[in-house]
Amino acid sequence: MNTPYFERPLFFFNQNLFRKRLDAAGEQVITVFKDAMNGANVHFDTRFNEGDDIVSLVTDRAIFIDFILHYAWHRFSWSNDISLIAVGGYGRSELHPKSDVDLLILMREEKPEDLESTQALLLLLWDIGLDIGHSVRTIEQCVEIATEDITVATNITESRTIVGSAQLGIELQKQTHPSRVWPADEFFIAKWEEQQARHNKHGNTEYNLEPNIKNAPGGLRDIQTLAWVAKRYFGVNTLKQLGAEEFFTEEEFALLLNGEEFLWRVRYGLHMIAKRPEERLLFDYQRQLAELFGYKDTDESLAVEQFMCKYYRVVLSLREVNDVLMHYLQEVVLDNNINATITPINSRFQARNGYIEVSHPGVFEETPSALLEVFVLMGNHPELKGLRAETIRLIREHRGLINDEFRADPVNTALFIKLMSCKRGLVTQLKRMKRYNILGRYLPEFGKIIGQMQHDLFHIYTVDAHTLAVIQNMRRFGYANARVKFPVAADCYRKLPRQELLYIAGLYHDIAKGRGGDHATLGAVDAKDFCLKHGLSKRAAKLVAWLVDKHLLMSSVSQKQDTNDPDVINAFAQEMGDQVHLDYLYCLTVADINATNPTLWTSWRASLMRQLYAETKRALRRGLENPIDCQDWIEETQENAKNLLNEQGCDPTDVAKVWGYLGDDYFLRESAEDVAWHTASILTHNSTEDLIMVRGTTAKGYEGASEIFIRTQDRNNVFAAAAQALDQLQLNIQDARLHITERDGYAIDTFYVLNEEGMPIGDDEEMIARIIDTITTELDQLENYSEIVKRRTPRQLKHFSIPTRTNISNDTTGSASVLEVISPDRPGLLALIGRIFLKFNIQLQNAKIATLGERVEDVFFITDSDGKPLNDPKLCEELQEEIRRQLDQQVDAA
């Protein structure tokens, strides 16, 4: 058996010993190969853990597999017209722990003895544990397929012969040369479209919560795409050889190499931890990788957040380089300079074939403000398709001119405000400014949040990506189709006196994330400073700062407080002060929720926001000096309900009898439509048996959910039983209202629910029947109540085990205590809390349920057994301790 020759020997692999073992193995050949591979894996992993150079690691692994394949090949008989060729990443001599070993068995023509040996070789490779991808083809077949399939053509471009006839590989390269197959211009267009499709598949963002390090924007595939196109056009074999072609600057080359090495290290660690060819940075692995790479938790951020911030910044820089170099290739490969159409814009800029460029190389040095002006021009000239590559390079070379003096220059501050006021393409320009590190330099406070991860499922983007998404949503409110999904926001947006103030508030609302302290309060200070430095009036600065400071208020009130309570509406209206502030805050809040996580904007949350907006608007029209009177509210509800019941033919005497059992609180919290529905149902039912009704709600502000009405004899644990029943049906409680009618001993409970997709039940008769049957069964078992339902906790939720937090205070009316529970979401949570209330003899009067990504922020209005607020500090502390203990214990056991 011949000893393979390689330019770089592997000192850890003793070939002489390996050959002797193979010769003496007999039928145990597979064991010898496996032992060698296992030993090599341990060797490579040890080097990785000790911080060895990652380039040497992936290269040495490929060389080692070359040895294995060489010895495997020579165990069989072959003709002189066949060879084993490495393709793909393996063809580039890059091999990570669990990467496929991609092989091409190339023949001049098919021969039976070669095909027989090929089959035996592949069986051996599978038996020894190699994950191979393979094809068996003649040269003619390869050329034919490569002509149609750019992936095959690409693989051939970076192929290399491992063993067998080297001449075959040379012939294949000649016959698939760009002069014959996929000329450089067609190859570029195909790869450009391929990259765009790949980016779109990953949301066209580098900032996915669980990013794909290979295929997402800024990932390894972007580097490879550059290399494929450039090497095919310039006719070189390595990226390093492109330096002589002036393809990239030294800085760009360094960014490519350093970024690739970082991603290789992450990918190697990911394969090692996952024990499979995993390319996604799942939550399961992010923490382990952060620990592996030596990151430590600090007071400001978690280790995993630091690691992911580093990752996001690296891929952002790689995408920047990819952007400029792909634009450069587009210009040189497609020969855009021939017969170019040049249109002057001003003395500093011109358009060449629809792309903006500087009029001469010294523009930015002579006029630093042009670093902002170029983006303003693109924002005001929608016909411009982008920046030319050389201009991008000049921007990157001169961005160091942005310093304190630059930021204080009135010319530059005016340009930035002009950008924020442009009619089209604002977010596109802000994204370009961020990508080329202009935005982060001009606004250092923004630069600090670039790549800043928020390690939860509530925020699915980094802070900077979320911020730009907020502004994008604001702009969408002005689109013609916005009235369909965001009717109120679209109307408010059009009435705003100065829409650019809304954008500035959006830019600054999360600017202080990660600093410690209240980010809204800190951000309001920064926002006010920005406005005053940029020449805005004190009034405008005060409005923007107020929006930043209050940007969480409307969401919190709508989801955590009872917006049917006149006192809640009056208090919120006092915070608003006038209609203009209400309109601005509504637009900011809706844009913020949808940019935080689009799945949060359910029809239910939309209805809560609409109700709060509408009631506050009414209060402002009435005048803050004329607050809503509770008795007027009650009488209006009763009068409207009577009219509805009269239309249904209900006897007023019977109605009065039912209402006589109900307290004022019921008529304050329920709509006239629901009061009429409840009353008519009770009269029709006319029984002491449990009454359970289900329908799509018509309650004002609750149109996005299904309503479940329960009337049952008042017993302990009714809420826990109903919550458990709904959890078994995988229905999520959004709101709960509970009334005890002391005079007749019945409890009236109303639940608003959505299914797991965030949608109401609708007219699903089968589901409605299951709801009624399941609740009835649970209510029948109250005396011997079953254990909390066990349902699988989703994978992602298990990686966000934040400790439960609780707080107890009194509500604005003093009629109940308010218990707030913030905890990781999991099945059966409400049922468990209901059982704890039973243990402490606590009566639940009302509940506001809010699920935010991986956590819940639920508010319970509770009293003691006498219907009074909890005034015993010891009881309050014991209740909270028990809730925290049981909920955290349940998470740990999940």
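Nothing here was measured: the structure is a model prediction, and the numbers come from that model. (Residues numbered from 1 in each chain as written. Predicted model: local features only at pLDDT ≥ 70, side-chain atom pairs only at ≥ 80, totals over all residues. Heavy atoms only, no water.)

Colleague: I would appreciate a short explanation of the sheet that holds strand E8 (residues 386–387) in the present structure.
Modeller: In sheet architecture, strand pairing relies on hydrogen bonds along the backbone and comes in two forms, parallel and antiparallel. Across the sheet, which stays open at both edges, the four strands sit in the order E5-E6-E7-E8 with mixed pairing between neighbours. The sheet is open, and its two edges are formed by strand E5 (342–344) and E8, each paired on a single side. The pairing of strand E6 (residues 349–352) with strand E7 (residues 355–358) spans four bridges and is antiparallel. Across the sheet, Gln 350 pairs through a bridge with Glu 357, a residue of E7. (Pairing = 2+ DSSP bridges. Helix = DSSP H or I, 4+ residues; strand = E, 2+ residues; numbered from the N terminus.)

Colleague: Explanation requested: the pairing of E7 in the structure shown.
Modeller: For a regular strand, side chains alternate in direction, first toward one face of the sheet and then toward the other. Residues Tyr 355 and Glu 357 of E7 are buried on one face, and the alternating residues Ile 356 and Val 358, pointing to the opposite face, are buried as well. Hairpin remark: E6 followed by E7, antiparallel, with two residues in the connecting loop; positive phi at Asn 353, about 50°. Alignment of E7 against E8, held across two bridges, turns out to be parallel. In the strand pairing of E8, Ile 356 is matched with Leu 387. (Buried < 20%, exposed > 50% of the residue type's maximum accessible area, 1.4 Å probe, protein only.)

Colleague: Would you explain a negative patch on the surface in this entry?
Modeller: A cluster of acidic side chains, namely Glu 140, Glu 144, Glu 148 and Asp 149, defines a negative patch on the protein surface. Mapped onto the fold, Asp 149 is located in the loop between helix H6 (139–148) and helix H7 (150–157). On the basis of relative accessibility, which here comes to 32%, the residue Asp 149 falls in the partly exposed class. (Patch = residues over 30% accessible without salt bridge, like charges linked within 9 Å, V, L, I, M, F, W, Y side chains within 5 Å. Areas by Shrake-Rupley, 256 points an atom, 1.4 Å probe, with all protein chains shown as cover. Salt bridge = Lys/Arg side-chain N within 4 Å of Asp/Glu carboxyl O. Lys, Arg positive; Asp, Glu negative; His and termini not counted. Charge placed at Lys NZ, Arg CZ, Asp CG, Glu CD.)

Colleague: Is there a simple way to think about helix H5 (residues 112–127) in this case?
Modeller: Within an α-helix, residues lying three or four positions from one another point in the same direction, as the helix has 3.6 residues per turn. Under the 1.5 Å per step criterion, the end-to-end length of H5 is 23 Å for 16 residues, consistent within 8% with the ideal 22 Å. Buried within H5 are the following residues: Asp 114, Ser 117, Thr 118, Leu 121, Leu 122, Leu 124 and Leu 125. The buried residues of H5 occupy an angular sector of 160° when the element is viewed end-on, so they sit on one face. Turned more than 90 degrees away from the buried face of H5 sit Pro 112 and Glu 116, all of them exposed. Looking at the buried side of H5, the elements it contacts are helix H2 (29–49), helix H3 (54–73), strand E1 (82–86), strand E2 (101–107) and strand E3 (132–138). Looking at the residues trailing H5, positive phi occurs at Gly 129, about 100°. (Expected span 1.5 Å × (residues − 1). Arc of directions from axis to C-beta. Contact = heavy atoms within 4.5 Å.)

Colleague: What exactly am I supposed to notice about the sheet that holds E1 here?
Modeller: An order of E3-E2-E1-E4 is seen for the four strands of this open sheet, with the pairing classed as mixed. Edge positions in the sheet fall to E3 and strand E4 (160–164), since each of these pairs with one other strand and no more. With strand direction ignored, the average angle separating the axes of adjacent strands in the sheet is 25°. Most of the contacts of H6 go to E3, to which it runs at about 110°, and overall it touches E2 and E3. Of the strands in this sheet, E1, E2 and E4 are in contact with helix H8 (residues 166–175), which crosses E2 at around 95°. (Axes fitted to C-alpha atoms, helices over the stretch in contact; angles between N-to-C directions.)

Colleague: How should the pattern of salt bridges be read in this particular structure?
Modeller: Two side chains bearing opposite charge may form a pair once their charged atoms approach each other closely. One pass over the structure, following the stated rule, counts 40 salt bridges. A salt bridge links Asp 583 to Lys 495; the nearest nitrogen and oxygen atoms lie 4.0 Å apart. Here Asp 583 is found in helix H30 (residues 579–596), whereas its partner Lys 495 is found in helix H24 (residues 487–495), with 88 residues between them in sequence. One network of salt bridges, in which partners are shared, links Glu 251, Glu 252, Glu 320, Arg 393, Arg 396 and Arg 399.

Colleague: Sorry, what's going on with the environment of Pro 211 here?
Modeller: Its place among the elements puts Pro 211 in the loop between helix H9 (184–201) and helix H10 (220–234). Taking the relative accessible area as the measure of exposure, Pro 211 reaches 0% and is therefore buried. Separated by 70 residues in sequence, Pro 211 and Leu 281 place their C-alpha atoms 5.5 Å apart. If sequence neighbours within four positions are ignored, Pro 211 has contacts with Glu 279, Arg 280, Leu 281, Gln 286, Met 308, Tyr 311 and Tyr 312.

Colleague: Hey, could you run me through the side chain of Thr 806 in this one?
Modeller: Mapped onto the secondary structure, Thr 806 falls in strand E13 (residues 805–810). Thr 806 sits in the buried class, given a relative accessible area of 17%. Among the polar contacts made by the side chain of Thr 806, one reaches the side chain of Gln 880 at a distance of 2.8 Å. Among the polar contacts made by the side chain of Thr 806, one reaches the side chain of Arg 884 at a distance of 2.7 Å. (Polar contact = N/O pair within 3.5 Å; in protein donor to acceptor, adjacent residues only side chain to side chain.)

Colleague: Hey, could you run me through the confidence of the model for the chain in this one?
Modeller: Residues shown with low pLDDT carry predicted positions that ought not to be read at fine detail. Summing up the model confidence of the chain, the mean pLDDT is 88 and the portion of residues at 70 or higher is 92%. Looking at the elements of the chain, mean pLDDT is at its lowest for strand E16 (residues 851–852), recorded as 64, and at its highest for helix H25 (residues 499–508), recorded as 98. (pLDDT = per-residue confidence, 0-100.)

Colleague: For this particular structure, what's the right way to read the packing of aromatic side chains?
Modeller: Centre distance and the angle of the planes are the two values used to describe a pair of aromatic rings. Applying the stated criterion to the full structure yields 32 aromatic pairs. Where Phe 13 meets Phe 67, the ring centres are 5.6 Å apart and the plane angle is 55°; that geometry is what we call tilted. Taken together, the residues Phe 13 in the segment before helix H1 (15–25) and Phe 67 in helix H3 connect sequence positions 54 residues apart. By relative accessible area, Phe 67 is classed as buried at 2%. Among the aromatic residues, those joined into a cluster by ring pairs are Phe 12, Phe 13, Phe 18, Phe 33, Phe 44, Phe 64, Phe 67 and Tyr 71. One Lys or Arg, Arg 160, reaches over the ring of Tyr 90 and ends 5.0 Å from the middle of that ring. (Phe/Tyr/Trp six-rings, centres within 6.5 Å; stacked < 30°, edge-to-face > 60°. Lys NZ or Arg CZ within 6 Å of the ring centre and 35° of its normal.)

Colleague: I would appreciate a short explanation of the side chain of Ser 817 in the present structure.
Modeller: With respect to the helices and strands, Ser 817 occurs in strand E14 (residues 817–824). By relative accessible area, which is 0% here, Ser 817 ends up buried. Among all residues touching Ser 817, those that are not within four sequence positions of it are Ile 808, Ser 809, Asn 810, Phe 860, Phe 861, Ile 862, Pro 869 and Leu 870.

Colleague: Can you help me understand the environment of Thr 616 in this one?
Modeller: Position of Thr 616 relative to the elements: it lies in helix H31 (residues 603–622). Between the C-alpha atom of Thr 616 and that of Ala 571, which follows or precedes it by 45 residues, the distance is 9.4 Å. Among residues more than four places away in sequence, those in contact with Thr 616 are Ile 569, Phe 572, Ala 573, Met 576 and Leu 582.

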